[in-house]
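Secondary and tertiary structure notes
Below, each chain spelled out in residue letters.
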Amino acid sequence: MQANAASGMAVEDECKFRFLELKAKRIYRYIVFKIDGQQVVVEKLGGAGDSYDDFMASLPANECRYAVYDFDFTTDENCQKSKIFFIAWSPDSSRVRMKMVYASSKDRFKRELDGIQVELQATDPSEMSLDIVKARAI
């Protein structure tokens, strides 16, 4: 675990390890991360059978979080595909300081997770609806 000079934020090794498991072994549907003190830690792991609604319900209504979601979909050509989304959840109702800390640490944290294919930023659940995720995946 190393702190970054710019943001002062460290990334716990478990974050990278769990992300690799999601990407390579597909044993999780999603991972929710939070900043705890001066480091990013895993808050919740969503099982492979969890739905997008389960994922949405795991994000707090008034606190920021980072998340990755492994989205399976079928193309117009009827091919099964999957894309890994990075979601920066920053609800309007969260504290200004929290939003600033999450915003300033996001790019560095995202760089630690090799294999992100799509990024979404959301301040409201409607900005990360399943329809939007589907549209961004294709």
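You'll find the structure just up there.
Residues numbered from 1 in each chain as written. Predicted model: local features only at pLDDT ≥ 70, side-chain atom pairs only at ≥ 80, totals over all residues. Heavy atoms only, no water.

Attention now moves to the overall build of the protein. Looking only at helices and strands, one finds four helices and six strands in the protein. Counting from the amino terminus, the protein carries its helices and strands in the arrangement β-α-β-β-α-β-β-α-β-α. A compact globule built from 138 residues would reach a C-alpha radius of gyration of about 14 Å, and the protein, at 15 Å, matches this within 12%. Across its three principal directions, the C-alpha atoms of the protein cover 45 × 30 × 20 Å. (Helix = DSSP H or I, 4+ residues; strand = E, 2+ residues; numbered from the N terminus. Rg over C-alpha atoms; globule rule 2.2 N^0.38 Å.)

Turning our eyes to something else, we now look at the pairing of strand β6 (residues 118-122). Burial along β6 is one-sided: the residues Val118, Leu120 and Ala122 are buried and none of Glu119 and Gln121 is. One ladder, built from five bridges, connects strand β5 (residues 80-89) with β6; its direction is parallel. Within β6, the residue paired with Ile87 across the bridge is Leu120. Handedness of the crossover is the feature at issue here: the chain leaves β5, passes through helix α3 (residues 96-112), returns alongside β6, and the resulting connection is right-handed. (Buried < 20%, exposed > 50% of the residue type's maximum accessible area, 1.4 Å probe, protein only. Pairing = 2+ DSSP bridges. Right-handed = clockwise from strand over helix to strand, strands pointing away.)

What follows covers the pattern of salt bridges. For the coordinates displayed, the defined rule picks out 13 salt bridges. Its salt-bridge partner being Glu119, residue Lys106 comes within 2.6 Å of it at the nearest N-O pair. Taken together, the residues span a long stretch of sequence, with Lys106 in helix α3 and Glu119 in strand β6 at a distance of 13 residues. When its relative accessible area of 10% is taken as the criterion, Lys106 is described as buried. Residues joined in a network through salt bridges with shared partners are Asp13, Lys16, Arg108 and Glu112. (Salt bridge = Lys/Arg side-chain N within 4 Å of Asp/Glu carboxyl O.)

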